[in-house]
Amino acid sequence: MPGPTPDVDGDASSDDPGDGVRIDMISGARMEGLTGMEKIRLILDGVRDGNIVILEEGLSPDEESKLIEVTMTEISPDDFTGIEIETYPKAETGDQSFLDKLMGRKSAQKLTVIGPANRIETLHKDENLISTLVSRK
Amino acid sequence: MGLLTNLKDSISRVTDGLFAADEPKRIGIYGPPNAGKTTLANRIARDWTGDAVGPESHIPHETRRARRKENVEIERNGRKVTIDIVDTPGVTTKVDYKEFLDHDMEKDDAVRRSREATEGVAEAMHWLREDVDGVIYVLDSTNDPFTQVNTMLIGIIESQDLPALILANKTDLPGSDVQQIANAFPQHETIPLSALEGENMDEVYTKIAEYFG
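First, a word on what this report is: a plain description of the structure on this page. Computed from a predicted structure; not experimentally measured.

### Structural notes on the pattern of salt bridges
Residues and elements named next belong to chain B.
Link 1 in the chain: Under the defined criterion, the tally for this structure stands at 24 salt bridges over all chains.
Link 2 in the chain: A salt bridge links aspartate 202 to arginine 76, with the shortest nitrogen-to-oxygen separation between them at 2.8 Å. One end of the pair, aspartate 202, is in helix H7 (residues 201–212); the other, arginine 76, is in strand E2 (residues 67–76), and 126 residues separate them in sequence.
Link 3 in the chain: Here arginine 76 falls in the buried class, since its relative accessible area comes to 19%.
Link 4 in the chain: Of the charged contacts in the structure, one is a salt bridge between glutamate 210 and lysine 207, with a shortest N-O distance of 3.6 Å. Here glutamate 210 and its partner lysine 207 are both found in helix H7, 3 residues apart, which amounts to about one turn of the helix.
Link 5 in the chain: Classification of glutamate 210 as partly exposed rests on a relative accessible area of 43%.

### A word on the packing of aromatic side chains
Residues and elements named next belong to chain B.
Link 1 in the chain: Throughout the structure, instances matching the rule amount to 2 aromatic pairs over all chains.
Link 2 in the chain: Ring centres of tryptophan 48 and tyrosine 205 lie 5.2 Å apart, and the angle between their planes is 90°; this geometry places the pair in the edge-to-face category. One end of the pair, tryptophan 48, is in helix H2 (residues 37–49); the other, tyrosine 205, is in helix H7, and 157 residues separate them in sequence.
Link 3 in the chain: Tryptophan 48 gets classed as partly exposed once you look at its relative accessible area, which sits at 28%.
Link 4 in the chain: Look at tyrosine 205 and you get buried, because its relative accessible area is 3%.
Link 5 in the chain: A cation over an aromatic ring shows up here: arginine 113 above the ring of phenylalanine 100, its NZ or CZ 5.5 Å from the ring centre.

What counts as what
Residues numbered from 1 in each chain as written. Chains lettered and ligands numbered in written order. Predicted model: local features only at pLDDT ≥ 70, side-chain atom pairs only at ≥ 80, totals over all residues. Heavy atoms only, no water. Salt bridge = Lys/Arg side-chain N within 4 Å of Asp/Glu carboxyl O. Helix = DSSP H or I, 4+ residues; strand = E, 2+ residues; numbered from the N terminus. Buried < 20%, exposed > 50% of the residue type's maximum accessible area, 1.4 Å probe, protein only. Phe/Tyr/Trp six-rings, centres within 6.5 Å; stacked < 30°, edge-to-face > 60°. Lys NZ or Arg CZ within 6 Å of the ring centre and 35° of its normal.

Have a look at this one:
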């Protein structure tokens, strides 16, 4: 029985999970070398294939903004209705260095769950727990 | 490369602020769908210019293009601020035309409305990164503010170092809970109001002059 391939960049059509739900858990190290648009493409390609994408370290606010923008341009009737995205609420952190603030660098280390809007539903969310219901296709 | 670009952007932001002090500030009115953004924009525009910005509706995504009302002069306590109000479409991560069918809309109209809505949200996000000098973030105080869109939008606004005023709208409705919004975003001041009834607009204008003047 074929298992899911670790190559999330590859052709997902060969990895049809059948009745199951495929979850791609992407490490911070995997995302680190990618540009903002490459990250967004990686996420949206996975989500448009019906997968749930979990990011170990999330996206920066600027990348989140572009993710919403690109998602909007890809929505089409009866095909793709957008994304559901959940992260823990932003903690009140004082861990940014002065240089980080000066250079506009923000800490983006927050687990993020992203899935197709028509397949993922948030049941509960608070500072410490995200509970989601994922439906099959 | 990234370091140099960031430094250049930071310096550019500072110099832009120094040399554009007399220009009208572009203030984007942001928030989720149906928070009352257009009602607020119309209230501000009517109070200070006599004109409206756009039509209001209970159907989500009535505003599908950013609308601007230029040179709105607000005077408060001897302080005058000139702003361009930009009323933006409600930000969301999903748009399904089928939701519009519940509002007695034909499929063709619903599909067209959803297409326009997605274009409008994309445009609003682009504006937020590139073209606004400050943000009025409007929330419906009868709804739970702890949504992902609100969390992300506030994070994006903060990352741009934009002055932001959070308004807890619809205080005229039963179930309004301003404190819930204040608790959700404790790093910002929350001002209660009813844009529809014009309640507490005096404080709103005082804060607009204070934040964006």
